[in-house]
Amino acid sequence: MPISDLVSPAPRQVRLAGALTALPGLAMLVFGVLLAVNAGDDPVMAGGNVAAEIAYYVVLAAGVLVCAAALLLGKTWARSPSLVVNLVVIGVGWYATGPSDQPGFGVPVMLVGLAVVVLLFREPSRAWVLGQRADESEEEAARRGGAAGRAVEREKYGD
């Protein structure tokens, strides 16, 4: 199957949000790999099981990267989980900036999370996720069934 069949139309803001959402996923994946490399031959260190911690970061990274890839491919279902991920990223940045006294790390992290939230709430992104036509309001698109209603119409009329 060619990749063009997998890609759905989406505004530039959504694709940029997908690229930015991949950053925390890649960071968690790198952290998991570094943790595995530094654990050495002792998979059980004092206070916990390092193998479980590594698996946790890798699985979490995979989930975030799937959401990022889905946004890049224009899949509407990825918007909500990506928003949740980036709200958590903002919290991590705030904690690093304030209580941890690491503003050099925290401020850029916070800005990346904030940028994704703003991009996914801009008008073109909202219209995309609602399946809004150029000649209708958000309320009319929601009444029609949004993106799901649009897909049904396309199937019905062979569009």
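The structure we're discussing is the one just above.
*Asks:* Any details on the environment of E53? Residues and values, ideally.
*Replies:* Mapped onto the secondary structure, E53 falls in helix α3 (residues 50-72). With 21 residues separating them along the chain, E53 and G32 place their C-alpha atoms 7.9 Å apart.

*Asks:* Lay out the environment of G74 in plain terms, naming residues and giving numbers.
*Replies:* Among the structural elements, G74 can be located in the loop between α3 and α4 (79-97). Here G74 falls in the buried class, since its relative accessible area comes to 4%. Taking the C-alpha atoms as reference points, G74 and P9, separated by 65 residues in sequence, lie 5.8 Å from one another. Other than its neighbours up to four places away in sequence, G74 contacts S8, P9, A10, R15 and W128.

*Asks:* Lay out the side chain of T21 with the relevant residues and their values.
*Replies:* On the secondary structure map, T21 appears in helix α2 (residues 12-39). Only 2.7 Å separates the side chain of T21 from the backbone oxygen of A17, close enough to count as a polar contact. In this view, T21 contacts V64, A68, L71, S82, N86 and V116; residues no more than four positions away in its chain are not counted.

*Asks:* Hey, could you go over unusual backbone geometry for me, with residue numbers and the actual values?
*Replies:* With a phi angle near 55°, D101 is a residue other than glycine that sits in the positive phi range. In this structure, D101 sits in the loop between α4 and α5 (103-121). On the basis of relative accessible area, D101 is assigned to the exposed category, the value being 59%.

*Asks:* Could you give me a rundown of a nonpolar patch on the surface, with the residues and numbers involved?
*Replies:* Together, L23, L26, L29, V33, V37 and V58 give the surface a local cluster of nonpolar side chains, amounting to about 480 Å² of exposed area. Ranked by the residues each element gives to the nonpolar patch, the list is headed by α2, at five residues. Structurally, V33 is set in helix α2.

*Asks:* Could you give an account of the nonpolar core, with specific residues and numbers?
*Replies:* In this structure, V14, A17, L20, A70, L71, A78, L83, V116, V117, L119, L120 and W128 together form the largest nonpolar core, which totals 12 residues. Of all elements in the fold, only α2, α3 and α5 reach the threshold of two or more residues within this core. In this structure, V14 is in contact with L71, L120, S125 and W128, ignoring residues within four places of it in sequence. Core analysis: the second largest hydrophobic core is formed by six residues, M28, A61, V89 and V109 among them.

*Asks:* Tell me about the layout of surface pockets, residues and numbers included.
*Replies:* Quantified by volume, the largest pocket comes out at close to 480 Å³. In terms of lining, the largest pocket is formed by 16 residues, of which the most central are P24, A27, M28, V89 and V92. Contributions of two or more residues to the lining of the largest pocket are made by α2, α3, α4 and α5. Per-element tally for the lining of the largest pocket: the top contributor is α2, with five residues. Class assignment for the residues of the lining of the largest pocket results in 16 nonpolar, no polar and no charged.

Cut-offs used in this document
- Residues numbered from 1 in each chain as written.
- Predicted model: local features only at pLDDT ≥ 70, side-chain atom pairs only at ≥ 80, totals over all residues.
- Heavy atoms only, no water.
- Helix = DSSP H or I, 4+ residues; strand = E, 2+ residues; numbered from the N terminus.
- Buried < 20%, exposed > 50% of the residue type's maximum accessible area, 1.4 Å probe, protein only.
- Contact = heavy atoms within 4.5 Å.
- Polar contact = N/O pair within 3.5 Å; in protein donor to acceptor, adjacent residues only side chain to side chain.
- Patch = residues over 30% accessible without salt bridge, like charges linked within 9 Å, V, L, I, M, F, W, Y side chains within 5 Å.
- Areas by Shrake-Rupley, 256 points an atom, 1.4 Å probe, with all protein chains shown as cover.
- Salt bridge = Lys/Arg side-chain N within 4 Å of Asp/Glu carboxyl O.
- Core = buried A, V, L, I, M, F, W, Y, C linked by side-chain atoms within 4.5 Å.
- 1 Å grid on protein atoms, 1.4 Å probe; cavity = no way out; pocket = protein on both sides within 12 Å on 5 of 7 lines; lining within 4 Å.
- Points joined across faces, edges and corners; volume = space filled by probe spheres on them.
- Nonpolar A, V, L, I, M, F, W, Y, C, P; charged D, E, K, R; others polar.

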